[in-house]
Each structure stands twice: as structure tokens, then as C-alpha cells.
Amino acid sequence: MTTPQAPTTALGAEPAFVVKLDAFSGPLDLLLHLLREEQIDIADIPIARIADQFLAAIHHLGLNQAADYLEMAGRLVRLKAQMLLPRREGEEGWEDPRHELVRRLLEYQLVREVAAWLERATERRADQYPRGYLPPPPELPPPPLTLDLLELMKAVEKVISEIPSPVLHRVVPRPLDTEGATRRLEEMLAEREEFTWLEALGPRPTIVDVLSTLLALLELAKRGRVKLAQPEAFATFVIRRETPAAEEPSSPAVEAPTGAELSPETALPEPADDAPRPAD
Amino acid sequence: MTPLAQLIEAALFAANRPITLEELQTLEPESSMADVRTALDELREHYDFDGHAVEVVELAGGYQVLTRRAFAEAIERAQIAVRTPKLTAAGMETLAVIAYRQPVGRAEIEEIRGVSAGGVLRSLQERGLIEVVGRSEGAGRPLLYGTTPLLLELLGLRDLAELPRAEEFSVALHTHKPEASDSAEAAASVPAES
């Protein structure tokens, strides 16, 4: 049987609303409800009365934005008009305009029965549990939010009120004390000819101490005052007192046995700078 | 129990889904399909006659070990396991149409139910109960939907043939004057099997 009605939901690209009333899952359901309520014989539906009741119901239910319900309302009104058209008694070939509606109602009623059967089957099945915990299947997506401006603003205020006040960090300037470290290293160099990096740092060095000492050492090495050597890879390096090249040019290259030599090459061309300084 | 029955018990215990005969047969390559069936029967009888709280259920083309119905209420009351959430009426109606009419397009579902079906189809698809099985030859080549094995699991059916035939449903609105609506009845009968 061909269905004379093309799919009627061109407008329904997105759900126009969510029927809150669980009682009705659509216009056909509402129609069946009305018929049942009035105990009407489906073979002889008083279209005029039912159309009026349908319109009243969707008005009453506040469903007047729903395209699906409006479409059915339009169909009923048209049927009502068709039933009013005069026709001759016993006219051959007259087809009851309600026929299509009845067909749809019966078909939908059958769908309802099947759905009820499926639900009973589901309930029976749900009485038996498989082993272990099965995470519940994902929930149906929530219905679209319906908010008015006031609610939205309240929500925004609530969110804002929950934002914690920003935490401000006080940044204390901690300049590197390269000069102090240089002084300390020079004092150590005055006492000892050779010491290690760890000894240079002293007990419990802060990060500032480490950086200051490193910079001071590099500066001293650049000036040719010390020689930095690492006996082997990853070992702590050794700081050795160096006499400026101008005074004692004999020793420099012999020091580092295997490891990288940290003494910058640039230290050598500039001994003149340090020449006036007394070797400690 | 025979070793094969024990092996099958272990496999059904380890799995959280229905296991097919073919899968069970791979447990012991030496065994025949008939051996597997015999062993399954043995396991079933073991559960049934030795007072076990679980049983072997044939489901969605396979076998699964499930607790007996009698314990459902206590398990739920103690919140030991979560009952499968119910589908909405719209979801059930849509499943009903698809189960009996598959493969079926959205337009036909909407025509039968009188409401747009996009949202329901999407959520049924997300739950894995239906799937796209092809495209219609009609204008725009719309998608066609069919049911999945997961639906059989949800319904506790072995296969779709277990769905009652459409004629078995008494349509409550049948008229007191049947002669008036012969054609309507004919039109309303839904093909029972896909």
C-alpha cells in the first residue's frame, strides 16, 4: 500500500521541544488516548468532535509549538472539512477520507503493542545479572537546555562567585652574588692550591650559591686565575690555582688527564689584564 | 563434570557477553561441535540440579552465565549490581518499528510514529542497539537502520525469529464492526519477519 503522505517532518530537523508529559509519545498517541477516553469506535470516528478535542488538548498541554502535533491537527481539520462535503447515498467509489487515518492509528497501535512486548522482554532480561560489574550504558543525552535570561545571569553570577580570588606571589629579588663568591673563592685559593667543586660550594648551598659560584669560577678561569679540570666524565671537577700566564707560563697544558678541559681558551690571550694583580 | 564442561564453565565465567558455540569450540581444538553441545548440556544440568544460583542462558546467538531471576530483587536492593536502565517510550516504539521493518529508513519510522525520529535514532545508535545497515535506493539515498546483536542481549532473545509475529498481537482498537475496516486491517498488518 502506498503511503499518500510524504514524510511530514521536513520542519523537524531538530526536536522542536521535548514532550515532558510521559503519557504521550506523539500525536497518534494523543489521538488514541482521546478515542479511548470517549470509547469511540475506530471504524466510525466522529472527526469533527475529535478534531476539536485534539486542538483543545494540544492547546491545553501547551504543545502548540510542536510541528508534529500541528501537522496532525491540520490533517484532522482537513478531514473534518472533507466529511462535510455532500455525497450521494450509496455512491460507488466513494472512499472514506478517514480510511488513511484509521490505517495509521491501527498501525501505530500495533507498534505500541510491540513496544510493550519489547519492554516486558527487557524487564525479564534485566532480572538476570551477568558476572561482574557491567558499566551502565551511556545515558541518553540530556534534553536541550531551556533557560531564560534571568536564569542564565543567575548561573553566571554563581560561577563568578565561586572563582577563588587570584593568588598573588610576592617575588623577592635574589640577585646572584658573584662578587661575594669570587671573594670566597679567592680566599680558598689563597689557602689551598686545589679543591673540588663541591668543596667550593660549601655545605648546604642554595641555588643562588651554586649559580654565583659557577659564574665566579668561570670568570676566574677566564682571567686565568684558576684552571678547571674534570678527571673523568661526570666526575666533580677540580679547581686548581693558576698563576697568570705572564708570570709562570710553564705549567698550563699538563693538567687535565682524560676529561674535558673546562678552562676557556679565551683565558690565554688576555693575561695582560691580570698581570698587575698580585698572585695570591 | 567432564574436563570440557569445566573448560566451558571457565570461559563463560571469564566472559561478560554471550559466547557462541564456535568460540567455545576453539577452547579445545580436538572437540567437535557435538562435544561442545553435550558439555554445555552437562554444565546446564550441573547448575540446574545442584542448586546453583546461576544458569546457562542462550542469548543473542551465544551462551552466557546469568544469575537466576529469583535473586534479582535482593541484588538490586543491596545495590550490588545496577539494573539496566529502561528505554523511553519513544525509544521502545522506534525499536519496535525497526525490529519488524528492517532495513528501514528514518522517513518510514517517522511516518509510522507521527513524530520526528532524529534524536531517538541517535541515542539508540549510541547505545549500540541499532546500526546503519545500508542506504535506500530512493531519492537522497537515505540511511537504512537495522538492529544489532546487542538488542537481542537487551531483550534476552536468541535471535529475531523469537519476536512474536505481528498477528499475535491483539490490536486493542479493533472495531466492533469488523466488516467496516477490512482494508484498514490489511494495511495495518506488519510483516512479522524481516
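Scroll up for the structure.
This report concerns the structure included in the present document.

Conventions adopted
- Residues numbered from 1 in each chain as written.
- Chains lettered and ligands numbered in written order.
- Predicted model: local features only at pLDDT ≥ 70, side-chain atom pairs only at ≥ 80, totals over all residues.
- Heavy atoms only, no water.
- Axes fitted to C-alpha atoms, helices over the stretch in contact; angles between N-to-C directions.
- Helix = DSSP H or I, 4+ residues; strand = E, 2+ residues; numbered from the N terminus.
- Parallel < 35°, antiparallel > 145°, perpendicular 65-115°, else oblique.
- Contact = heavy atoms within 4.5 Å.
- Pairing = 2+ DSSP bridges.
- Core = buried A, V, L, I, M, F, W, Y, C linked by side-chain atoms within 4.5 Å.
- Buried < 20%, exposed > 50% of the residue type's maximum accessible area, 1.4 Å probe, protein only.
- Salt bridge = Lys/Arg side-chain N within 4 Å of Asp/Glu carboxyl O.
- 1 Å grid on protein atoms, 1.4 Å probe; cavity = no way out; pocket = protein on both sides within 12 Å on 5 of 7 lines; lining within 4 Å.
- Points joined across faces, edges and corners; volume = space filled by probe spheres on them.
- Nonpolar A, V, L, I, M, F, W, Y, C, P; charged D, E, K, R; others polar.
- Patch = residues over 30% accessible without salt bridge, like charges linked within 9 Å, V, L, I, M, F, W, Y side chains within 5 Å.
- Areas by Shrake-Rupley, 256 points an atom, 1.4 Å probe, with all protein chains shown as cover.

Quick look at the packing of helix α1 (residues 3–14) of chain B against helix α3 (residues 33–49) of chain B now. All names here are of chain B. Where α1 meets α3, the closest approach of the two axes is 8 Å, and the angle between their N-to-C directions is 75°. Taken as axis vectors, α1 and α3 run roughly perpendicular relative to one another. When α1 is examined against α3, the residues Leu-4, Ala-5, Ile-8, Glu-9 and Leu-12 are found in contact with a partner set consisting of Asp-35, Val-36, Ala-39, Leu-40, Glu-42, Leu-43 and Tyr-47.

Our focus in this paragraph is the sheet that holds strand β5 (residues 143–147) of chain B. Residue and element names in this part refer to chain B. In spatial order, the strands read β3-β5-β4; together these three strands make up an open sheet with antiparallel pairing. The sheet terminates laterally at β3 (104–105) and β4 (130–135), the two strands that pair on one side only. Bridge count for β4 against β5 is five bridges, and the pairing is antiparallel. Each residue of the ladder has a partner; that of Ile-130, found in β5, is Thr-147. Across the face of the sheet, helix α5 (residues 89–101) comes into contact with β3, β4 and β5 while running at roughly 95° to β5.

Counting residues in hydrophobic clusters, the biggest one holds 34 residues, and the most contacted among them are Leu118(A) and Leu95(B). Counting only elements with at least two residues in this core, the list comes to α4 (99–126) of chain A together with α5, α6 (106–113), α7 (118–126) and α8 (149–155) of chain B. Ranked by the residues each element gives to this core, the list is headed by α5(B), at eight residues. Counting 26 residues, the second largest nonpolar core, distinct from the first, contains Leu34(A), Ile42(A), Tyr69(A) and Tyr108(A).

Before going further, it helps to examine the pattern of salt bridges. Residue and element names in this part refer to chain B. Under the criterion given, the structure shown has 27 salt bridges over all chains. With a shortest N-O distance of 2.9 Å, Arg-106 and Glu-110 are connected by a salt bridge. One end of the pair is Arg-106 and the other is Glu-110, both in helix α6 and four residues apart, which spans about a single turn. Exposure remark for Glu-110: the relative accessible area of 6% places this residue in the buried category.

A complete count under the given rule lists two cavities of 30 Å³ or more for this structure. Taken as a whole, the second largest cavity holds about 40 Å³ of empty space. The wall of the second largest cavity is formed by Glu119(A), Thr122(A), Glu123(A), Lys86(B), Leu87(B) and Met92(B). Top contributing element to the lining of the second largest cavity by residue count: α4(A), with three residues. The residue makeup of the lining of the second largest cavity, split by class, is two nonpolar, one polar and three charged.

Take the side chain of Ser212(A) next. With respect to the helices and strands, Ser212(A) occurs in helix α8 (residues 207–222). Residues contacting Ser212(A), with those up to four places away along its chain left out, are Leu176(A), Asp177(A), Thr178(A) and Ala181(A).

With that out of the way, let us pick up a nonpolar patch on the surface. Nonpolar side chains collect at one region of the surface, where Leu145(A), Leu147(A), Leu149(A), Leu152(A), Met153(A), Val156(A), Val159(A), Ile160(A) and Ile163(A) lie side by side and expose about 920 Å² of accessible area between them. Assignment of secondary structure puts Ile163(A) in the loop between α5 (149–162) and α6 (178–191).

Moving on: helix α1 (residues 27–37) of chain A. All names here are of chain A. Taking burial as the measure, the 11 residues of α1 include eight buried ones, the bulk of the element. Listed as buried for α1 are Pro-27, Leu-28, Asp-29, Leu-30, Leu-31, Leu-32, Leu-34 and Leu-35. Of the residues flanking the end of α1, it is Gln-39, one or two places downstream, whose phi is positive at about 50°.

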